[in-house]
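Observations on chain architecture
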Amino acid sequence: MITAEDRARAADLLAAFVAAGATRVETELLQPAGTLLDLYGEDIRARAFTTQDPLAGEAMLRPDFTVPVVQAHMSGGADPARYCYMGEVFRRQEIDEGRPREYLQVGYEVFDRADPAATDAEVFDLLHRALAPWDPIPALGDLGLLIAAVDGLTTSDKRRAALRRHIWRPVRFRRLMERFAGQTTTPAKRAALLARLATEDAAALIDAAGPAVGLRDGEEIAARLAALAEDVTTPPLSRTEAEVIDALLGMETPLSHALSPIRDLAVDLPGLDVAADRLEARAEALDRRGHAPHTLPFAPARGRSAMEYYDGFTFTLSARGRPDLPALATGGRYDALTAVLGQGRSIPAVGGVIRPGLLGGLT
Ligand SMILES: N[C@@H](Cc1c[nH]c[nH+]1)C(=O)O
């Protein structure tokens, strides 16, 4: 349950964000589900409380503030802008009864084109200072590296697009990588189908298969068959390039030691260089704010299964000695989300939230 003490703590945090220059905003508790729900990660999609609104269609209890704040900003906010907010978010719990379904978040979001490295550092520093009395454990990530690596792979557009779609879903991503690298054998049924496709017409094959039973119509099935046929003729990913992806997924090191191995990887995958420049600029900006890079644990893939809108810097701040608790603060950069909701406009953006409800039990 959210206690009066949680609310008082939340109000203090919010006041600190206002003092840092943010404008306080509100969002509705009841949000349209449908397309908005697709913007979250699989975890949130499965855990949203959804219901039916007789006029507006499918609705959900606000699972986070970032998406509605981006929506409000993109439909007429000033540029640059800094917002803060406080309120309940809702997530169903299916496994652990002890975890709240409803809890407070106090958040800070920055929409600013000027200097993304500096704004990343600004958000991290603000949340870190707010939690300083609890001496939180930081952990940083950067999904921009993984995205740049996938975009730089020497393969078909279709394969790159499939990998891009699944970056936030570790198991599916790994399976795709294995398939594209030629490490798995084609299932027998698919191999037989592909062999027939080489000599027979797709439409005739679909007709011969009998009446349609699934949701896909003939045209969609034909497109899928064509994609499968094209995919078998695509050469496997080069080992070196697949190893770059593996190295990024497995890397865990102090931020101060991340840059040099990533520059080495960029020799094999030059697309990585721009993302590495961003990482370097961010490390310098964090250092200038008093967060020495050798004190910051870094793993490029961190935050990957959190929110599907993260596409750059990610971070968490966790309670010392309490690995059983969720992170006290989480955040990250979501530039592409502003384009998705911006109807032709976009702006670099980054933010984070604190969960004041977790602080009460800490010493
Ligand atoms: N909305 C995210 C946190 C966040 C705010 N801004 C960026 N990230 C969450 O609920 O986990």
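Residues numbered from 1 in each chain as written. Predicted model: local features only at pLDDT ≥ 70, side-chain atom pairs only at ≥ 80, totals over all residues. Heavy atoms only, no water.

This part is about the UniProt feature "binding site: L-histidine" (unreviewed entry) in the chain. When the UniProt feature table is mapped to this numbering, "binding site: L-histidine" (unreviewed entry) covers Asp64, Phe65, Thr66, Arg91, Gln105, Glu109, Arg302, Tyr309 and Tyr310. Of the annotated positions mentioned, Asp64, Phe65, Thr66, Arg91, Gln105, Glu109, Arg302, Tyr309 and Tyr310 line the largest pocket. Structurally, glutamine 105 is set in strand E6 (residues 102–111). Dropping the residues within four chain positions of it, glutamine 105 is found in contact with Asp64, Phe65, Tyr85, Met86, Gly87, Val89, Arg91, Val353, Ile354 and Pro356. Position of glutamate 109 among the secondary structure elements: in strand E6. For glutamate 109, a relative accessible area of 1% gives the class buried. The residues contacting glutamate 109, other than those within four sequence positions of it, are Thr66, Val69, Ala81, Arg82, Tyr83, Tyr85, Tyr334, Val350, Gly351 and Gly352. (UniProt positions renumbered as here; feature names shortened; annotations may be inferred. 1 Å grid on protein atoms, 1.4 Å probe; cavity = no way out; pocket = protein on both sides within 12 Å on 5 of 7 lines; lining within 4 Å. Helix = DSSP H or I, 4+ residues; strand = E, 2+ residues; numbered from the N terminus. Contact = heavy atoms within 4.5 Å. Buried < 20%, exposed > 50% of the residue type's maximum accessible area, 1.4 Å probe, protein only.)

So, about the packing of helix H9 (residues 188–199) against helix H11 (residues 218–233). Interaxial distance between H9 and H11 falls to 10 Å at its minimum, and their mutual angle equals 95°. What the angle tells us is that H9 and H11 run roughly perpendicular. Seen from H9, the contacting residues are Arg190, Leu193, Leu194 and Leu197; seen from H11, they are Arg224, Leu225, Leu228, Ala229 and Val232. In terms of residue class, the contact of H9 with H11 is made up of 7 nonpolar, no polar and 2 charged. (Axes fitted to C-alpha atoms, helices over the stretch in contact; angles between N-to-C directions. Parallel < 35°, antiparallel > 145°, perpendicular 65-115°, else oblique. Nonpolar A, V, L, I, M, F, W, Y, C, P; charged D, E, K, R; others polar.)

This part is about the environment of leucine 325. Within the fold, leucine 325 resides in the loop between strand E10 (313–318) and strand E11 (329–333). Placed 240 residues apart in sequence, leucine 325 and tyrosine 85 show a C-alpha to C-alpha distance of 23 Å. Excluding residues within four positions of it along the chain, leucine 325 makes contact with Ala319, Leu358 and Leu362.

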